[in-house]
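Tertiary structure, described
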Amino acid sequence: MGHGSSKEDGSSCSSDEDAKPSRISRVKQRLRRHRLRRRRGSDSSHKKLFAAEDFAGIAHLTLINAEMKFKDKWLACVSFGEQTFRTNVSNETDKPVWNCERKLLLEKTGPRVARISVFETNRLSKNNLIGYCEINLLDYLTQDSDSDFGTFDLIDPGSSDKVVGCVCISCNVEDPIETEKNFARRILSVVDYDEDGKLSLSEFSELINAFGNNLAASKKEELFKAADKNGDGVVSLDELAELLALQQETEPIMNCCPVCGEVVEGGDQLNSLIHLSLCFDEGTGNQVMTGGFLTDKQASYGWMFKLSEWAHFSSYSFGLNSGSSASHILVFDRKTKRLVEELINTKIVLSMRTIYQSKIGLGLMDKGAKEILQSISERQGRQMNTAESAKEIPKFVEFFKDQINMAEVKYPLEHFKTFNEFFVRELKPGARTIASIERDDVAVCAADCRLMVFKSVEDSLRFWVKGRKFSIQGLLGKEVCSNAFIDGSLVIFRLAPQDYHRFHLPVSGTIVKFVNIPGCLYTVNPIAVNSKYCNVFTENKRVVTIISTAKFGKVAFVAIGATMVGSITFVKKEGDFVKKGEELGYFSFGGSTVICVFEKGAIDIDDDLLANSGRSLETLVSVGMTLGVSKKKPGSEGLPNLENCVLRN
């Protein structure tokens with residue numbers, strides 16, 4: 001091929017220090033090909049720096065095959081944390097074979113559950129989800145078994161007790177030393193021009209020169225001779241790989257990753273190992289799954305999605321902070337620690353943009369749109385209370401089939417005589433676990449919802465709420481607002497139409513009062529919340545409940561009406577002593593929002609919720625999950641003020 005073969009005598013390399021630039025550039029080009037291939041399926045998970053105590057290993061997951069109930073063309077997606085990967089498309093069969101693999105970074109406190117979704121691909125615009133399974137990788141990898149292989153049932157997304165097929169996987173944890181050797185071997189193979197598994201000094205020198213590390217270049221002959229134990233001028237890739245792996249740990253020969261070009265910190269062995277392993281993921285002969293997706297729905301879209309992305313008709317991003325441009329709401333599922341996509345009708349998205357994200361829409365609001373929304377909501381509310389509306393229930397459940405778990409619902413579908421009865425459905429006892437039920441100093445989530453938390457109103461305005469006039473005074477009204485609330489913490493629980501629409505108490509205490517505040521019925525979708533033309537939370541109809549607690553001081557619980565929400569119903573009354581987790585009330589048809597305002601310095605909100613909110617990413621939570629802990633020191637409540645005490649005889 002015009003380069004020294006691995007059969008050359010070592011003496012022919014005496015001029016390697018002055019290697020021709022053309023030869024070095026060709027090696028760099030070969031490395032860049034790997035770099036381009038990597039970027040097409042890139043992810044940023046390995047760019048985060050990890051401490052040794054957080055690192056649990058690198059899982060090597062292979063999606064082997066599946067058995068389905070009917071013949072079709074199939075693709076599968078693996079979602080883990082904030083990454084999703086997809087396989088190739090199989091031939092038309094009921095037993096698709098993929099043999100696709102991917103490496104996944106495991107953290108002790110990070111994502112554990114991998115979701116495997118299987119789609120049929122016979123649709124033009126998008127593919128159809130047929131079944132899925134969820135695998136706790138840490139549990140799977142630590143189980144007492146002699147085999148790396150496992151078979152898992154695929155569950156129908158519309159019915160948790162219906163199995164639609166099965167999928168076979170292989171999963172193991174890479175040995176760190178073998179990982180470094182494999183990486184080094186793959187890099188070395190770039191200059192193995194005759195592919196005989198051996199390198200000459202000239203081939204080895206070309207690679208070292210291409211790294212651009214002067215120190216390594218000065219030692220290349222020394223390194224090669226250390227590996228060439230029999231002195232025949234050629235060394236196997238395996239021997240050189242072992243040598244380079246050891247050298248990389250003691251005195252790194254690569255200043256930057258030869259695949260992606262990023263700087264590799266030689267003193268940080270753990271993160272160098274993680275980076276190199278994930279970046280040069282060439283597999284073991286199987287196809288590497290395509291990456292670069294955020295959710296399985298995004299990964300499964302067909303050519304229509306690709307066309308729309310190219311034409312900038314839609315875009316994916318965390319949250320919906322740029323409500324005027326994004327058409328997909330991505331939220332972080334706290335339970336599975338995975339990104340999920342919230343279903344919303346495209347026509348509705350377009351109409352909301354028109355109304356809430358433009359000056360024209362603002363003009364419509366000023367000229368009677370508020371009254372129109374009120375009229376539509378009242379009329380729709382009456383319609384959803386008729387017997388005829390019950391026929392919409394199955395359609396609604398089918399549309400949200402992978403987001404409504406009927407196994408948790410107290411009554412079967414045939415029990416509900418109107419759509420509103422289904423909308424305010426109850427859950428079975430025990431369907432939601434209340435965290436630290438015996439501890440009143442632990443606050444919990446008040447609803448099944450998408451949640452945003454902020455230490456202060458200033459934070460909420462910076463990361464989420466874009467209304468020009470939003471304030472705590474405007475939200476609570478003059479009757480209940482106090483100075484302690486003004487600089488307090490803010491928690492926004494947004495309920496989507498598919499959610500369980502009963503809201504619960506986040507804290508224990510006594511209900512002091514209910515205050516009704518009349519207003520509009522704007523949508524509470526993030527598109528409206530992020531509009532600079534209206535102030536959803538301070539203009540909508542709402543009810544403020546003040547709860548007096550021993551651990552958090554006073555807490556304001558604000559139930560906000562929205563488009564299609566005809567009423568807000570409470571099941572508690574003033575003067576009631578309530579326990580956290582108990583039901584407080586429910587919303588009738590439509591999506592809506594609850595906002596809790598804590599007094600300044602009253603609560604330490606959970607770090608993961610704050611971190612997500614800091615990047616405008618809503619967290620998907622369930623009733624009873626932890627929200628935060630009281631900052632009040634134990635024993636501080638009920639102590640007398642000695643300065644005001646008067647001693648008497």
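- Under an unreviewed UniProt entry, the name given to the protein chain is Phosphatidylserine decarboxylase proenzyme 2, and the organism recorded is Gossypium mustelinum.
- You can read under Subunit (unreviewed entry) in the UniProt record for the protein chain the words "Heterodimer of a large membrane-associated beta subunit and a small pyruvoyl-containing alpha subunit."
- If you open the UniProt record of the protein chain and go to Sequence similarities (unreviewed entry), you find "Belongs to the phosphatidylserine decarboxylase family. PSD-B subfamily. Eukaryotic type II sub-subfamily."

1. Side note on the UniProt feature "active site" (unreviewed entry) in the protein chain
- When the UniProt feature table is mapped onto this chain, "active site" (unreviewed entry) is found at Asp448, His504 and Ser592. The greatest C-alpha distance among the annotated residues, which extend across 145 residues, is 14.0 Å, indicating that they converge on a single site.
- Since its relative accessible area comes to 11%, histidine 504 is described here as buried.
- Its place among the elements puts serine 592 in strand β25 (residues 592-598).
- Serine 592 gets classed as buried once you look at its relative accessible area, which sits at 0%.

2. Some thoughts on the pattern of salt bridges
- Summed over the entire model, instances satisfying the criterion amount to 21 salt bridges.
- Here glutamate 134 and arginine 115 are joined by a salt bridge, their closest N and O atoms 3.9 Å apart. One end of the pair, glutamate 134, is in strand β6 (residues 128-136); the other, arginine 115, is in strand β5 (residues 113-120), and 19 residues separate them in sequence.
- Taking the relative accessible area as the measure of exposure, glutamate 134 reaches 39% and is therefore partly exposed.
- Among the salt bridges present, the one from glutamate 134 reaches arginine 338, with a minimum N-O distance of 3.2 Å.

3. Comments concerning the pairing of strand β8 (residues 159-173)
- Of the pairings in the sheet, the one linking strand β1 (residues 55-68) to β8 comprises nine bridges and is antiparallel in character. Across the sheet, the residue bridging to methionine 68 is glycine 165, located in β8.
- Where strand β7 (residues 149-156) and β8 come together, eight bridges link them in antiparallel fashion. Counterpart to leucine 154 in the pairing with β8 is glycine 165.

4. Things to note about the sheet that holds strand β19 (residues 509-517)
- One open sheet accounts for ten strands, arranged β14-β13-β27-β16-β17-β25-β21-β20-β19-β23; its pairing is mixed. Because the sheet does not close on itself, it has two edges, and the strands there are β14 (338-342) and β23 (577-578).
- Alignment of β19 against strand β20 (residues 542-548), held across seven bridges, turns out to be antiparallel. The partner of phenylalanine 514 across the bridge, within β20, is threonine 545.

5. Remarks on the pairing of strand β17 (residues 489-495)
- Counted residue by residue, β17 has seven buried out of seven residues, so it is predominantly covered.
- Neither face of β17 is open: one carries Ser489, Val491, Phe493 and Leu495, the other Leu490, Ile492 and Arg494, and all of them are buried.
- In this sheet, β25 lies alongside β17 in antiparallel orientation, the contact comprising seven bridges. In the sheet register, phenylalanine 493 faces β25, and the bridge partner there is valine 594.

6. Quick look at the sheet that holds strand β28 (residues 626-630)
- Taken in spatial order, the three strands of this open sheet run β15-β28-β26, and their pairing is antiparallel. Two strands bound the open sheet, and with one partner strand each, they are β15 (442-444) and β26 (603-605). Sheet twist, expressed as the average angle between the axes of neighbouring strands with direction ignored, equals 30°.
- In terms of strand pairing, β15 meets β28 through three bridges, oriented antiparallel. Following the sheet pairing, valine 444 is matched in β28 by threonine 626.

7. Let's talk about the environment of cysteine 133
- Tracing the sequence through the fold places cysteine 133 in strand β6.
- Between the alpha carbons of cysteine 133 and proline 157 there is a distance of 9.6 Å; along the sequence they are 24 residues apart.
- In contact with cysteine 133, not counting residues within four places along its chain, are Ala114, Arg115, Ile116, Phe152, Asp153, Leu154 and Val167.

8. Things to note about helix α13 (residues 392-399)
- Ile393, Phe396 and Val397 are the residues of α13 that are buried. Down the axis of α13, the buried set is contained in an arc of 95°. They therefore lie on one face.
- Where α13 is buried, its residues contact α14 (419-423).

About the cut-offs
Residues numbered from 1 in each chain as written. Predicted model: local features only at pLDDT ≥ 70, side-chain atom pairs only at ≥ 80, totals over all residues. Heavy atoms only, no water. UniProt positions renumbered as here; feature names shortened; annotations may be inferred. Buried < 20%, exposed > 50% of the residue type's maximum accessible area, 1.4 Å probe, protein only. Helix = DSSP H or I, 4+ residues; strand = E, 2+ residues; numbered from the N terminus. Salt bridge = Lys/Arg side-chain N within 4 Å of Asp/Glu carboxyl O. Pairing = 2+ DSSP bridges. Axes fitted to C-alpha atoms, helices over the stretch in contact; angles between N-to-C directions. Contact = heavy atoms within 4.5 Å. Arc of directions from axis to C-beta.

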